[in-house]
Each structure stands twice: as C-alpha cells, then as structure tokens.
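# Topology and contacts: notes
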Amino acid sequence: MGFNCGIVGLPNVGKSTLFNALTATAQAESANYPFCTIEPNAGRVAVPDPRLGELATLAKSANVVPTYLEFVDIAGLVRGASKGEGLGNKFLSHIREVDAVCHVLRCFDGGEITHVEGSVDPVRDAEIVETELLLADLESIERRAETAEKRARGGDKDAKADVALLQPVMAVLQDGKPARTAEIAPEQREAFRQLQLLTAKPVLYICNVDEESAADGNHHTRAVEEMAAEVGAAVVIVSAEIEAEVAQLDDPADRQEFLEGLGLSETGLSRVIRAGYDLLHLITFFTAGPKESRAWTVAQGATAPEAAGRIHTDFQKGFIRAETIAFDDYVAHGGEQGAKDAGRMRQEGRDYVVKDGDVMLFRFNV
C-alpha cells in the first residue's frame, strides 16, 4: 500500500532542487534549462512524528522505524501539454499515477535562473498547470460521455449510471473548475476514483522562496494563499536552496543551529511531508516493544484488520482482535504494562476503526 505525492510545476521553479533536498540525495539532476528531469524520480521520506521517539523510550526499543511517504519528481510542464507540447502526454501520464499533487511555484524575484514565462507570477503559473490538467480531463470525459450516452439510449443500465456520474463532472470542467469540485454521491465515489482524472487529485501548493522570505513569506506567497483559500488547497512556504543546504548537514544539532539562525524552528520539508500526509487523509498507528517501535500508515477510516494487513497479510487473514492503547494513555501510564494495569488497554474487534496514535498489538490465527 503505497502513498505518493507527485512534485509538479513549470520548468525551472525549483522542483528538482526541492526533491533532492527531500530525499537528501542527488537522484534528480538540477539544471537551468527545461526538462532536465526526463523520467520521474521517486524517493521515500520519513514522516516526522515525535510520538514515535516517546514510545521507543518507554518500550526500551532497540530499533525505531518511522513511516514513510513517497515523493515523485515529474518533468516540467509547459503551455500546450494537453495537446502534446513539451513532454506533453508523458507528463500527464505520470501525474495520473500519483495520489496527490504537490505543485511547486516560484515565489522569488531575480536570480540567474530564467523563468519559462519570462516573469515571476506564481498565480499565473498555477493556472497554467491547472488549465493543462483540466483540458486533458475535459477531453477524456467528453469522449467517455459520448460513448456512455450512445449505450444508454440503447437501454444499457450500466451506461445510464455512467452518464449520471459523467455529466456533473463534465459540467464543472466546462466551467473551468477542477473535477474535485464536482458533487459526487457516496455510492459514486469509487467509480469517480476509477476515472483517474488529473484534477480530481488533492493539491498542495509549495511556495519556493528566497532565504529572506523563508520565515514569513512575501507578496508572492500571500497571493498564492489567497488563491489556495478559494479552491480549498493547502500551502507550504519553503526555500529549496535552504533545504538543500540543511540536507548537507549530518549533525542534527548543526541543522537546528542553522535553522534558528534563519529564524526557522523546523525545516520547510518537514512541513511539506506532514502536509502531504494530511493531503492524502492518512493517519498513523504504532507498534511498540523491546525489539522495535514502528509507525505504520493507514488511510482514515481503516479498520483493525486492515491495519493488521499493513504489517502482514496473514495478520489480516487470521485476525482475532487488536489490543489497543491510545497514545496519550500509553505515555501517561508509563508504557504498555502501566496502561494495562490502569484498565486503559482495550480489546477491539473487526469493526473497530483505527484512530491516529493508537498503539496496537494484533492477535491472529492462520
């Protein structure tokens, strides 16, 4: 069960620099010309969560294993991508494969890096990318709708259901709005997801700023925040160049000192990772013991057997029950035994919906 965020944007906005800093590697080449990233690069990054360290201390764990999120660096898009310009169809197909879109916007003036549009305007840049994705979706939906309507006129019941789904989606796209804004009935959500529409994916705007604006942003980031508020998207301010410098510092103390010198309490990348986690509606549950304390990722609404399956498929197949302690209870009572003695360990069955921070032990039989 992989969760990934695609890093997209126009050429030369700092996507590959950001990706390299995220993964602390040089997997993606950074260069001052369009399409330097020809194939998507993927990197896993640990999700920052101080709770894991607390659990490991109380459980006296030999190892600590965080949960991960995958980021994919996708080649830059230009105007006309929906019609095959630039890397066109290749770019669009790579976006279809990710769960969420992290849209990097250039929010700094000056510098030696040329802007493909000739000037700095992050709202315009966001609209260019959104328009290309929207046009590609509209072409796809119109084609599907035409076929479904022909079959529906012939009495095909499944086709009639398809038309009922496609029409409201097509209407918002024709109105210049992303597919995610369409009103979809609960029973249609799975069919909607299977349409694999580009503009149905949740969006996070990442404002790439200069060093001076890393702490408080600037007029460009404020314009992006206004735009994001209108479309219900999230915004994170990051200086890709600062993050690249931080990634070169191995000592955590040196990293913290460097950040504090710039008026920052944490890396922008930590905020990006957490925002990506929230964007995908994910939660974390934990397992803790002498061998290791580990964080696990599941989607909100996951049941106990589904969580067990994240550890091993046999755990889900033979699920009996989950011995569960809320994180706050685990800490307040000094660990598993203390929580158990205080009556804070619960026996949960198949219908239990996992809560963020649950510390779980699964009983199973296969």
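Scroll up for the structure.
Described below are features of the structure shown in this document. The structure presented is a predicted model; accordingly, all values stated were derived computationally and were not measured.

### Remarks on the overall build of the protein
Along the protein, the regular secondary structure elements total 14 helices and twelve strands. Scored against the burial criterion, the 366 residues of the protein give a buried share of 49%. Counting contacts in the protein only where the partners sit at least 6 residues apart, residues at least 24 apart contribute 68% of the total. For the protein, the computed accessible surface area is about 17,600 Å², with 48% contributed by carbon and sulfur atoms.

### Digging into the pattern of salt bridges
Evaluation of the coordinates by the stated rule reveals 15 salt bridges. For Asp-156, the salt bridge goes to Arg-151, with nearest N and O atoms at 3.3 Å. By relative accessible area, Arg-151 is classed as partly exposed at 35%.

### So, the sheet that holds strand E5 (residues 100-106)
The strand order across the open sheet built from six strands is E2-E4-E1-E5-E6-E7, with neighbouring strands paired in mixed fashion. Looking along the sheet, the strands with just one partner apiece sit at the ends: strand E2 (41-46) and strand E7 (234-238). The sheet shows a mean angle of 25° between the axes of neighbouring strands, direction not considered. For strand E1 (residues 4-8) and E5, the ladder comprises four bridges, and the chain directions are parallel. Paired with Gly-6 across the strands is Val-101, a residue of E5. Along the sheet, helix H10 (residues 268-279) makes contact with E1, E2, strand E4 (68-73), E5, strand E6 (203-208) and E7, crossing E7 at roughly 165°.

### With respect to the packing of helix H4 (residues 122-153) against helix H5 (residues 157-174)
Between H4 and H5, whose axes approach to 9 Å, the crossing angle comes to 150°. If you check the angle between H4 and H5, you find them roughly antiparallel. Relative to H5, H4 is oriented so that their crossing is left-handed. Note on element contacts: H5 touches H4 through Asp-158, Ala-159, Lys-160, Asp-162, Val-163, Leu-166, Gln-167, Val-169, Met-170, Leu-173 and Gln-174, opposite Leu-134, Asp-137, Leu-138, Ile-141, Glu-142, Arg-144, Ala-145, Ala-148, Glu-149, Arg-151 and Ala-152. Among the residues forming the contact of H4 with H5, the class breakdown is twelve nonpolar, two polar and eight charged.

### A word on helix H7 (residues 219-231)
In a regular helix each residue adds 1.5 Å, so 13 residues correspond to 18 Å; H7 covers 19 Å between its end C-alpha atoms and thus fits that length. The secondary structure elements touched by the buried residues of H7 are E5, H4, E6 and E7. Its side-chain oxygen placed 2.9 Å from the backbone nitrogen of His-220, Asn-218 serves as the N-cap of H7. Residue Gly-232 follows H7 closely and has a positive phi angle near 75°.

### Overview of the side chain of Asn-208
Secondary-structure assignment places Asn-208 in strand E6. Classification of Asn-208 as buried rests on a relative accessible area of 7%. In terms of polar contacts, Asn-208 uses its side chain to reach the backbone amide nitrogen of Ala-240, at 3.0 Å.

### What about helix H2 (residues 50-59)?
Among all positions of H2, only Arg-51, Leu-52, Leu-55, Ala-56 and Ala-59 are buried. Along the long axis of H2, the arc covered by the buried residues comes to 135°, so they all point the same way. Exposed and facing more than 90 degrees away from the buried side of H2 are Pro-50 and Thr-57. One or two residues past the end of H2 sits Lys-60, with phi positive at roughly 55°.

### Thoughts on the nonpolar core
With 58 residues, the main nonpolar core has Leu-18, Leu-22, Leu-69, Phe-71, Tyr-205 and Ile-206 as its most contacted residues. With six residues, H10 is the single largest residue contributor to this core. Among residues more than four places away in sequence, those in contact with Leu-69 are Phe-3, Cys-5, Gly-43, Arg-44, Val-45, Val-47, Ile-273, Gly-276, Tyr-277, Leu-280 and Leu-282. Counting 20 residues, the second largest nonpolar core, distinct from the first, contains Leu-134, Ala-159, Met-170 and Leu-195.

### Topic: the pairing of E7
Working note: regular strand, side chains alternate between the two faces of the sheet. Pairing of E6 with E7, which is carried by five bridges, proceeds in the parallel orientation. Its bridge partner lying in E7, Cys-207 is registered against Ile-237. Running through H7, the crossover from E6 to the neighbouring parallel element E7 is right-handed.

### With respect to unusual backbone geometry
In this structure, Lys-60 takes a positive phi of about 55° despite not being glycine. For Lys-60, a relative accessible area of 68% puts it in the exposed group. Phi is positive for His-281, close to 55°, though the residue is something other than glycine. With respect to the element layout, His-281 can be found in the loop between H10 and strand E8 (282-288).

### Section: the environment of Val-224
For Val-224, the location among the structural elements is in helix H7. Distance from Val-224 to Val-123, taken between C-alpha atoms, is 6.0 Å for residues 101 residues apart in sequence. When sequence neighbours within four positions are dropped, the list of residues in contact with Val-224 reads Leu-105, Cys-107, Pro-122, Val-123, Tyr-205, Cys-207 and Val-235.

### Focus on the packing of aromatic side chains
Aromatic ring pairs are reported here in terms of the distance separating the ring centres and the angle at which the planes meet. Within this structure, the stated rule accounts for five aromatic pairs. Their ring planes at 90° and their centres at 6.0 Å tell us that Phe-285 and Phe-362 sit as a pair that is edge-to-face. Of this pair, Phe-285 sits in strand E8 while Phe-362 sits in strand E12 (residues 359-364), and the two are 77 residues apart along the sequence. There is no split in this pair, since Phe-285 and Phe-362 are both buried. A ring pair is formed by Phe-286 and Phe-327, whose centres lie 6.4 Å apart and whose planes are at 45°; its orientation type is tilted. Placement of the pair is Phe-286 in strand E8 and Phe-327 in helix H13 (residues 327-332), with a sequence separation of 41 residues. The pair Phe-286 / Phe-327 is uniform in exposure class, with both members buried.

Conventions and cut-offs
- Within any chain, residue numbers begin from 1 and follow the written order of that chain's sequence.
- In view of the model being predicted, local features appear only for residues whose pLDDT reaches at least 70, and side-chain atom pairs are presented and counted only at 80 or more, with totals across whole chains, interfaces and linings using the full set of residues.
- Values shown for side chains rest on all heavy atoms present in the structure; no hydrogens or waters enter the calculation.
- Secondary structure counts use DSSP, requiring at least four H or I residues in a row for a helix and at least two E residues in a row for a strand, with both numbered from the N terminus.
- Remark: exposure states derive from per-residue accessible area (1.4 Å probe, protein chains only) relative to the maximum for the residue type, with buried under 20%, exposed over 50%, and partly exposed in between.
- By definition in these notes, contact holds between two residues if any of their heavy atoms fall within 4.5 Å.
- The accessible surface values rely on the Shrake-Rupley method and a 1.4 Å probe; as for residues, cover is taken only from the protein chains in view.
- Just to be clear on terms, a salt bridge is a Lys or Arg side-chain nitrogen sitting within 4 Å of an Asp or Glu carboxyl oxygen.
- Here the rule is simple: two strands pair whenever DSSP picks up at least two bridges between them.
- A fitted line through C-alpha atoms serves as each axis, taken over the contacting stretch for helices, and the angle formed by two N-to-C directions is quoted from 0 to 180°.
- We call two directions roughly parallel when the angle between them is under 35 degrees, roughly antiparallel when it is over 145, roughly perpendicular when it lies between 65 and 115, and oblique otherwise.
- Each helix crossing is assigned a hand: it is left-handed if the near helix lies turned anticlockwise from the far helix by less than a right angle, otherwise right-handed if that turn is clockwise.
- Under the scheme applied, nonpolar residues are Ala, Val, Leu, Ile, Met, Phe, Trp, Tyr, Cys and Pro; charged residues are Asp, Glu, Lys and Arg; polar residues are all the others, including Gly.
- The span you would expect from a helix comes to 1.5 Å times its residue count less one.
- Two N or O atoms count as a polar contact when they lie within 3.5 Å, although within protein this holds only if one can serve as hydrogen donor and the other as acceptor, and sequence-adjacent residues are included solely when both atoms are side-chain atoms.
- Think of the arc as the fan of directions from the helix axis to the C-beta atoms.
- Buried residues of nine kinds, namely Ala, Val, Leu, Ile, Met, Phe, Trp, Tyr and Cys, make up a nonpolar core once their side-chain atoms join them within 4.5 Å.
- Crossover handedness is defined here as right-handed if the route from the first strand over the helix to the second strand goes clockwise, with the strands pointing away from the viewer.
- The aromatic pairing rule takes the rings of Phe, Tyr and Trp, using the six-membered ring of Trp, and pairs them if the centres are within 6.5 Å, calling planes under 30 degrees apart stacked, those over 60 edge-to-face and the rest tilted.

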